[in-house]
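Listed below are the residues making up each chain.
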Amino acid sequence: MKMTVIGYRSGYPKAGEATSCYLIQDEDTSIVIDLGAGSLSILQKFIELEEIDALILTHYHPDHFSDILCLKQGIMIKQQLGKIKKTLTIYAPEDDFYFKQLKWNTTIKAVKIDQHKEIQFNQLNITFMKTEHTIFGLAVKVTKGQQSLVYTSDTELKPSLVDFSKNCTLLITECSLYKNPSGIAGHMDIEDVKQLVLQSHPENVIITHIPPYGDNTHILNEIQASYSKKCLLARTGLIWQ
Ligand SMILES: [Zn+2]
Ligand SMILES: [Zn+2]
């Protein structure tokens, strides 16, 4: 299993960046998790649109799904050119507004997901956990044999997140805030991520969804100082294998 960071920024992308987007590949399977602002462009440096088997959206915040409408246009144009023949499946939470816009013609199929859903893609098994966020959202776990990758998406720290992440091979954790003294809802700060990492013991840690202000290396240094295993700060094109 190979994971490439396409977008990692929280809120909005700074110049040349993208917000949340991760490419998961295993043999003949290519899955994209989230498609935030700026990610459609950067994604194509790593994969052609016609090679993507499925897309998973964790929630309907723009920094996780805003490039989806342009993806539909991309798929449409590639279909007209005869380059896309297969159906792209988008797995996403159901809501009153966005979910029904995901489907397109016969080329894009939308499938509802929630915390009870389980998906099998060849050798990859995918499960979900409901996050503690400002709207309904899902954390994602991708498992292949003994290996497991957990992506927290956007969430506060809660015991079920620790359980969901327990002993995973790779934890891709959000850290949206340096410090959260005013109690901003739905996200983790450095202290929360330290607790998550210490309690769930992942083998590898990638810190993502990082703020578009301040010195991001401070986040890495603080978390790394409290955890014995290697932690990395997400960046465009960072590959874990
Ligand atoms: Zn969010
Ligand atoms: Zn977000």
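Residues numbered from 1 in each chain as written. Chains lettered and ligands numbered in written order. Predicted model: local features only at pLDDT ≥ 70, side-chain atom pairs only at ≥ 80, totals over all residues. Heavy atoms only, no water.

A few points about the overall build of the protein
Argument step 1. Within the protein one finds seven helices and 14 strands.
Argument step 2. For a compact globule of 241 residues, the expected C-alpha radius of gyration is about 18 Å, and the protein comes in at 17 Å, within 12% of that figure.
Argument step 3. Based on the C-alpha atoms only, the size of the protein along its principal axes is roughly 50 × 40 × 35 Å.
Argument step 4. Here the protein, with 241 residues, has 57% of them falling under the buried criterion.
Argument step 5. Long-range pairs, those at least 24 residues apart, make up 56% of the contacts in the protein with a sequence separation of at least 6. (Helix = DSSP H or I, 4+ residues; strand = E, 2+ residues; numbered from the N terminus. Rg over C-alpha atoms; globule rule 2.2 N^0.38 Å. Buried < 20%, exposed > 50% of the residue type's maximum accessible area, 1.4 Å probe, protein only. Contact = heavy atoms within 4.5 Å.)

A few points about the packing of helix 6 (residues 190–200) against helix 7 (residues 217–225)
Argument step 1. Between helix 6 and helix 7, the least distance of the axes is 9 Å, while the angle of their chain directions is 40°. The pairing of helix 6 with helix 7 is recorded here as oblique in orientation. By crossing handedness, the relation of helix 6 to helix 7 is classed as right-handed. Residue-level contacts link I190, V193 and K194 of helix 6 to H218, I219, E222 and I223 of helix 7.
Argument step 2. Tallied by class, residues from the contact of helix 6 with helix 7 come to four nonpolar, one polar and two charged. (Axes fitted to C-alpha atoms, helices over the stretch in contact; angles between N-to-C directions. Parallel < 35°, antiparallel > 145°, perpendicular 65-115°, else oblique. Left-handed = near helix turned anticlockwise from the far one by under 90°. Nonpolar A, V, L, I, M, F, W, Y, C, P; charged D, E, K, R; others polar.)

Looking at the sheet that holds strand 14 (residues 239–240)
Argument step 1. Here we have seven strands laid out as an open sheet, ordered 6-5-4-3-2-1-14, and mixed in their pairing. The open sheet terminates on both sides in strands that have one partner only, identified here as strand 6 (108–112) and strand 14.
Argument step 2. Bridge count between strand 3 (residues 29–33) and strand 4 (residues 54–56): three bridges; the pairing is parallel. Its bridge partner being in strand 4, I33 is matched across the sheet by I56.
Argument step 3. Helix 3 (residues 68–80) contacts strand 4, strand 5 (88–92) and strand 6 of the sheet and is inclined by roughly 165° relative to strand 5. (Pairing = 2+ DSSP bridges.)

Concerning unusual backbone geometry
Argument step 1. The phi dihedral of E27 falls on the positive side, at around 45°, and the residue is not glycine.
Argument step 2. Its place among the elements puts E27 in the loop between strand 2 (21–26) and strand 3.
Argument step 3. Residue E27 is classed as exposed on the basis of its relative accessible area of 63%.
Argument step 4. Positive phi is not limited to glycine here, since H209 has a value of about 55°.
Argument step 5. One can find H209 in the loop between strand 12 (204–208) and helix 7.

Quick notes on the packing of aromatic side chains
Argument step 1. The final tally for this structure, using the stated rule, is seven aromatic pairs.
Argument step 2. Each ring, one from F65 and one from Y98, has its centre 4.7 Å from the other, and the planes form 70°; the classification is edge-to-face. Here the residue F65 occupies a position in helix 2 (residues 62–65), and Y98 occupies one in the loop between strand 5 and helix 4 (99–102), the gap between them amounting to 33 residues.
Argument step 3. What makes Y98 partly exposed here is its relative accessible area of 30%.
Argument step 4. An aromatic cluster of three or more residues is present, and its members are Y60, F65, F97 and Y98.
Argument step 5. Directly above the aromatic system of F164 lies the positively charged group of K141, at a separation of 4.8 Å from the ring centroid. (Phe/Tyr/Trp six-rings, centres within 6.5 Å; stacked < 30°, edge-to-face > 60°. Lys NZ or Arg CZ within 6 Å of the ring centre and 35° of its normal.)

Topic: the pattern of salt bridges
Argument step 1. One pass over the structure, following the stated rule, counts nine salt bridges.
Argument step 2. A salt bridge links K144 to E27; its shortest N-O distance comes to 3.9 Å. Here K144 is found in strand 9 (residues 138–144), whereas its partner E27 is found in the loop between strand 2 and strand 3, with 117 residues between them in sequence.
Argument step 3. For E222, the salt bridge identified is with K194, shortest N-O distance 3.6 Å. With a gap of 28 residues between them, E222 in helix 7 and K194 in helix 6 connect regions that are remote in the sequence.
Argument step 4. Several salt bridges converge on common partners, so that one network encompasses D26, E27 and K144. (Salt bridge = Lys/Arg side-chain N within 4 Å of Asp/Glu carboxyl O.)

Keep in mind these values describe shape, not function.
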